[in-house]
Amino acid sequence: MPSDPLSLLFPYGDWVRTQSHGSAYSLAQSGMPLPESSWLSLHAEQISGYPTAEVLPTLERRVGQLFGVAPERVLTTLGAHGAMDLCARHWLRAGQLAAVEAPAYQALPALLRRSGARTFSLQRTLDSGWVPDPQALADQARRSRHPLHLFLTNPHNPSGTVLDPDILKALALAIEPTGGVLVCNEVYMDFAQPDQRVHAATIVPRAVSISSLTKAYGLGALRTGWLILGEDLADQRVFLQDQALLSYGDPPTASLHASLAALERLPELLAPVRRVEAESRPHFLDWLRDSPSVLSTVPPFGIMAFPRVERVQDTLGLQALLAEEFDVDVVAGEHFGAPGHLRVGCAVPEATMVEGLKRLENGIRAWHERGR
Ligand SMILES: Cc1ncc(COP(=O)(O)O)c(C=O)c1O
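Criteria and thresholds
- Residues numbered from 1 in each chain as written.
- Predicted model: local features only at pLDDT ≥ 70, side-chain atom pairs only at ≥ 80, totals over all residues.
- Heavy atoms only, no water.
- Near = heavy atom within 4 Å.
- Polar contact = N/O pair within 3.5 Å; in protein donor to acceptor, adjacent residues only side chain to side chain.
- Areas by Shrake-Rupley, 256 points an atom, 1.4 Å probe, with all protein chains shown as cover.
- Helix = DSSP H or I, 4+ residues; strand = E, 2+ residues; numbered from the N terminus.
- Nonpolar A, V, L, I, M, F, W, Y, C, P; charged D, E, K, R; others polar.
- Buried < 20%, exposed > 50% of the residue type's maximum accessible area, 1.4 Å probe, protein only.
- Pairing = 2+ DSSP bridges.
- Axes fitted to C-alpha atoms, helices over the stretch in contact; angles between N-to-C directions.
- Contact = heavy atoms within 4.5 Å.

**As for the site of the ligand**
The local shell around the ligand holds 14 residues, among which Ala-80, Tyr-188, Ser-212, Thr-214 and Lys-215 are the closest. Interatomic distance of 2.9 Å between a side-chain N/O atom of Asn-185 and a nitrogen atom of the ligand. Burial of the ligand by the protein amounts to 92% of the accessible area it has alone, namely 400 Å². The leading source of residues in the shell around the ligand is helix H4 (residues 79-91), at three residues. For the shell around the ligand, the per-class residue count stands at four nonpolar, eight polar and two charged.

Now the structure itself:
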């Protein structure tokens, strides 16, 4: 970590790489580990072939089928991060206001900052179930002389909260008069059962849904993500692709082939998630509901939550104490702009979860006993 982390655009990214999981009881992860991957083998021509000849259009057709949209509304990207970057480059303008949820995965406000846009923070609080108020966005939109675009996550990182279609539609409606676009990062949506999933781009004409193979499938190393354009945004695909071609060209052919193989076995790749749901998540939910140390919402699915820690403001300090003395990793709320909370995850084996939660409780108690 550089001496002045504030000089980085995205210091959280550096922290995740260098400091987030050195402990034996690591409850800091937001994604699944790499699954059994013996099916991941490629021929030479699947590595060195030209991507646009076949595999790229095939992959976009397949993603389109999975979302029930035409391939013209799909663009393959370098992970969900690549998709967010293209949207930011294409839609954000220096000096103009753009909206982003708060608390947020730090990359979202960082993209706004990098573009020179001014930021309107759309507040999400524990007390309102982490659900943003569309009226607050509408009030801001009414004052805007430019398109007001909104960047958010659904499910929400850090809280795991899932917005229902009515809220997404109300948020989109709030910015519609300005010509704004709803950019919805859905990288955590695949933890849900297929019939529970909500995709903004399939219900809102001016929304973009972003996702990837990283979180639920543990295949972040492939760097394959995509964006799905809402009905009224299909004509923007060529401009988003233009940004990608200028920046890095096409995604790597090898990765596209491996990703196509992954898309053919998605239910099978979710087996580790289902195991976590059956074995570790129940302990996690009991703790979120019953621990006197924390107050939390209980996400309907997924592997993380964002409890408020009773009577603790310096959660960065608490995070350090937990790692150093209790061998437990969690993510301090400060990383999301919300001190006083911890992001805790349950994507670990059951015995690790049970012991990790015990240590977490002991660590919070130690913090209080020391009068911190
Ligand atoms: C909201 C969000 N988007 C994207 C990513 C990374 O996704 P990808 O590997 O597809 O770029 C993360 C990782 O933590 C995330 O939390």
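**A look at the environment of Val-354**
With respect to the helices and strands, the residue Val-354 is situated in helix H15 (residues 350-369). Classification of Val-354 as partly exposed rests on a relative accessible area of 33%. C-alpha of Val-354 to C-alpha of Ser-280: the two residues are 74 residues apart in sequence and 7.8 Å apart in space.

**A closer look at unusual backbone geometry**
Both trends apply: most residues other than glycine have a negative phi, and most peptide bonds are in trans. The peptide bond linking Ala-102 to Pro-103 adopts the cis configuration, its omega dihedral lying at 0 degrees. Here Pro-103 shows up in the loop between strand S3 (97-102) and helix H5 (107-115). The linkage connecting Asn-154 with the following residue, Pro-155, adopts the cis geometry, with an omega of -5 degrees. Structurally, Pro-155 is set in the loop between strand S5 (150-153) and helix H7 (165-175). Despite not being glycine, Trp-130 has its phi angle at roughly 65 degrees, a positive value. Within the secondary structure, Trp-130 sits in the loop between strand S4 (118-123) and helix H6 (134-142). Trp-130 gets classed as buried once you look at its relative accessible area, which sits at 2%. With a phi close to 55 degrees, Arg-223 is a non-glycine residue in the positive phi region.

**Let's talk about the sheet that holds S3**
Pairing is mixed in the open sheet, where seven strands are placed in the order S2-S8-S7-S6-S5-S3-S4. Two strands lie at the open edges of the sheet, namely strand S2 (74-78) and S4, each paired on one side alone. Strand-to-strand twist in this sheet, taken as the mean axis angle between neighbours without regard to direction, amounts to 25 degrees. Here five bridges tie S2 to strand S8 (residues 224-229), and the two strands are oriented antiparallel to one another. Counted as the bridge partner of Thr-76 is Trp-226 from S8. Together, S2 and S8 form the strand contacts of helix H9 (residues 237-247), whose direction differs from that of S2 by roughly 20 degrees.

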